[in-house]
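This is what each chain is made of:
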Amino acid sequence: MLKDITLGQYYPGDSIIHRLDPRVKLLGTLVFLITLFVFGSPGAYVLASIALGVVISVSTVPFRYMVKGLRAIFLLMVITALFNLFLTPGTILFSFWRFRITEEGLRMAIHMIFRLSYLILGSSIMTLTTTPNQLTDGLETGLGFLKKIHVPVHEVSMMMSIALRFIPILMDETSKIMRAQEARGANFSEGGIIRRAKALVPLLVPLFISAFRRANDLAMAMEARGYHGGEGRTRMKPLSYHRKDMVAFAVMALYVLCQIGMKILKL
Amino acid sequence: MGIRIEHLSYIYNEGTTFSKTALSDINLTIADGEFIGVIGHTGSGKSTLVQHLNGLNIPTSGKIYVDGKDIHKEKESLRSLKSKVGLVFQYPEHQLFESDVLKDVMFGPRNQGLSDSEAMMRAREALRLVGLDESVEKKSPFDLSGGQKRRAAIAGILAMEPSVLVLDEPTAGLDPKGRDEILDLTAELHEKKGISVILVSHSMEDVANYVSRIIVMDEGKILYDDTPEKVFVHVKELEAVGLAAPEMVYVMKALREEGFDVDYSADTVDLARREILGALAGKNRKC
């Protein structure tokens, strides 16, 4: 189950998408997500599908791997779709007992499934092709203007990069602890909901303790090296835009223009 | 209770770009009451191998028989297997979680379906076996010293009364005294309880004095599987895979090259002393 979470995981590769400036990818993802909400027509989704398909195939990340990320939100998708299917008023397609399925509801349900899965796919393509470090670097520089209004951009991005860095470590730790407890006969996958919740105690206690210990060690190591926040801090790899980034911006603009054009032409 | 492994292979993350062969075509038989050292440097597959013994890892291919039964054939046998083959992991921090030591050690027996009073009896017995007395029982496991934690972790497995005890790097992170104590303890358990003990380690020095059979692993394969004396003859080959023979073997080898008639299978200080004294006596006689 833990292995299924692909959001926030990096898939090593050397495609053009991998090499883009993280700021471009952040903005691109944001633009893509906004268009999903602003343009909801079938035509807009066809265009979004094409854009997503092209980016995924260029990125060399196997599609199978991306879809794994969808499994985590499968339940959410099903619930959303069912609610929309049964609770949207409109022209009734067919009804049984107390349930009515309307044409609008059906359309809405399909719409929601697509929107949700595209949201996940769109954001996972960014996290899969960008290392967590690049990502937070991109966020920090991209949002640098917020410093003027006293938003602690550096601190937040440092926290983010530490949090992201610790995800694989803690996952690894979790699986080790699970094994150690399974060796003592613990059972994490059987029994009712209460038994399962109880079974988590032997897992969570060692996990929390190790997380605290690691946090402590890390704080000490950072202080020992004179870390004192973002003031006057320089970078080993300063971000800079290249030609491919400009091309990416152009592609992005073209995509948005197409979406707007379709909206005007009512396609 | 014998363990038999046939053509065991294990691949991590099969079918992805991260796939890695951890074990390839392992064949192994472990008889009752053996004291075995599994040695290899980091990433040689030794931990992966022992995690197959109690069914934590499911082989990519190959078969494992415990007591002559294929452990992956029925679900039920897999559960009882955890009681037969006790596996103590490298870091006690990974398993200690209860509010006091006694309760923590009772976790295993309770999972086996024993009543509280029975579990407590087993836990007390196990704690005494590993040399932790009553004063420790009510302490929080997190207040113990490194060596004590490890003892408590071992007790947690022993309380399940396994017939095979597997210890993965039991000495990692301990000082020399703590290390010797833990190793002496395992030898004692092997003798007293008559159970098979499998020690996983990257240090020949640790293991040589205790075990009667050494399995050397390298890159997911078994390189040597023999008595310590016979394994240590291959000093060059061991060095090539990032291991070393115990210090004494080197001393003996050097002496032999100097023309002394010593046997370099003498791997402990005691044996070496006897060999050297013997050789000197022999030399004196010749003069």
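As a reminder, the structure under discussion sits directly above these lines.
Predicted model, so just to flag it, every value in this text is computed and none were measured. (Residues numbered from 1 in each chain as written. Chains lettered and ligands numbered in written order. Predicted model: local features only at pLDDT ≥ 70, side-chain atom pairs only at ≥ 80, totals over all residues. Heavy atoms only, no water.)

Caption draft 1: Region of interest: the overall build of chain B. Within chain B, the secondary structure is distributed over 12 helices and 10 strands. Computed over C-alpha atoms, the radius of gyration of chain B comes to 21 Å, within 12% of the 19 Å expected from 2.2 N^0.38 for 287 residues, which places it in the range of a compact globule. By principal-axis analysis of the C-alpha atoms, chain B measures approximately 75 × 50 × 35 Å. Of all intrachain contacts in chain B linking residues separated by at least 6 positions in sequence, the fraction that spans at least 24 positions is 63%. Accessible surface, chain B as shown: approximately 13300 Å² in total, 50% of it carbon and sulfur. (Helix = DSSP H or I, 4+ residues; strand = E, 2+ residues; numbered from the N terminus. Rg over C-alpha atoms; globule rule 2.2 N^0.38 Å. Contact = heavy atoms within 4.5 Å. Areas by Shrake-Rupley, 256 points an atom, 1.4 Å probe, with all protein chains shown as cover.)

Caption draft 2: Representation of the layout of surface pockets within the structure. Residue and element names in this part refer to chain A. In this structure, the second largest pocket encloses a volume near 1100 Å³. For the second largest pocket, the lining is made up of 37 residues, of which N133, T136, D137, R233 and R235 are closest to its centre. Listing elements by their share of the lining of the second largest pocket, those giving two or more residues are α7 (132-142), α8 (153-182), α10 (201-224) and α11 (243-264). With seven residues, the single largest contributor to the lining of the second largest pocket is α8. (1 Å grid on protein atoms, 1.4 Å probe; cavity = no way out; pocket = protein on both sides within 12 Å on 5 of 7 lines; lining within 4 Å. Points joined across faces, edges and corners; volume = space filled by probe spheres on them.)

Caption draft 3: Region of the structure containing the packing of aromatic side chains. All names here are of chain B. Going through the model one piece at a time under the given rule, you end up with seven aromatic pairs over all chains. Aromatic side chains Y10 and Y12 sit 5.1 Å apart centroid to centroid with 80 degrees between the ring planes, which places their arrangement in the edge-to-face category. The ring of Y65 carries R4 above its face, with NZ or CZ at 4.5 Å from the centroid. (Phe/Tyr/Trp six-rings, centres within 6.5 Å; stacked < 30°, edge-to-face > 60°. Lys NZ or Arg CZ within 6 Å of the ring centre and 35° of its normal.)

Caption draft 4: Region of interest: unusual backbone geometry. All names here are of chain B. Its identity is not glycine, yet H7 carries a phi of approximately 45 degrees, on the positive side. In this structure, H7 sits in strand β1 (residues 3-12). Its identity is not glycine, yet D67 carries a phi of approximately 60 degrees, on the positive side. With respect to the helices, strands and loops of the structure, D67 is situated in the loop between β4 (61-66) and β5 (69-70). Given a relative accessible area of 40%, D67 falls into the partly exposed group. (Buried < 20%, exposed > 50% of the residue type's maximum accessible area, 1.4 Å probe, protein only.)

Caption draft 5: Region of the structure containing a nonpolar patch on the surface. Residues and elements named next belong to chain A. Taken together, the side chains of L93, F94, F96, W97, F99, L106, I110 and F114 present a nonpolar region at the surface, about 860 Å² in accessible area. For the nonpolar patch, the elements supplying multiple residues, two or more each, are β1 (92-96) and α6 (103-129). Among the secondary structure elements, F96 is positioned in strand β1. (Patch = residues over 30% accessible without salt bridge, like charges linked within 9 Å, V, L, I, M, F, W, Y side chains within 5 Å. Salt bridge = Lys/Arg side-chain N within 4 Å of Asp/Glu carboxyl O.)

Caption draft 6: Seen up close, the interface of chain B and chain A. Taken together, the 27 residues of chain B in the interface contact 24 residues of chain A. Where chain B abuts chain A, roughly 2100 Å² becomes buried across the two surfaces, and 58% of that area is made up of carbon and sulfur atoms. Counting every contact that joins chain B to chain A gives one salt bridge. The partner of B:D104 in a salt bridge is A:R184, and the shortest N-O contact between them spans 3.1 Å. The tally of links between chain B and chain A comes to six residue pairs in polar contact (both at pLDDT 80 or more). (Buried area = accessible area lost by both parts, 1.4 Å probe. Polar contact = N/O pair within 3.5 Å; in protein donor to acceptor, adjacent residues only side chain to side chain.)

Caption draft 7: Just the packing of helix α3 (residues 42-59) of chain A against α11(A), in detail. Residue and element names in this part refer to chain A. The interhelical angle for the contact between α3 and α11, taken along N-to-C directions, is 165 degrees, at an axis separation of 10 Å. In terms of orientation, α3 lies roughly antiparallel with respect to α11. Handedness of the crossing formed by α3 with α11: right-handed. For the pair α3 and α11, the contacting residues are G43, A44, L47, A48 and A51 in the first and Y255, C258, Q259 and M262 in the second. Along the lines of polarity and charge, the residues of the contact of α3 with α11 split into seven nonpolar, two polar and no charged. (Axes fitted to C-alpha atoms, helices over the stretch in contact; angles between N-to-C directions. Parallel < 35°, antiparallel > 145°, perpendicular 65-115°, else oblique. Left-handed = near helix turned anticlockwise from the far one by under 90°. Nonpolar A, V, L, I, M, F, W, Y, C, P; charged D, E, K, R; others polar.)

Don't take any of this as a statement about function, it's just geometry.
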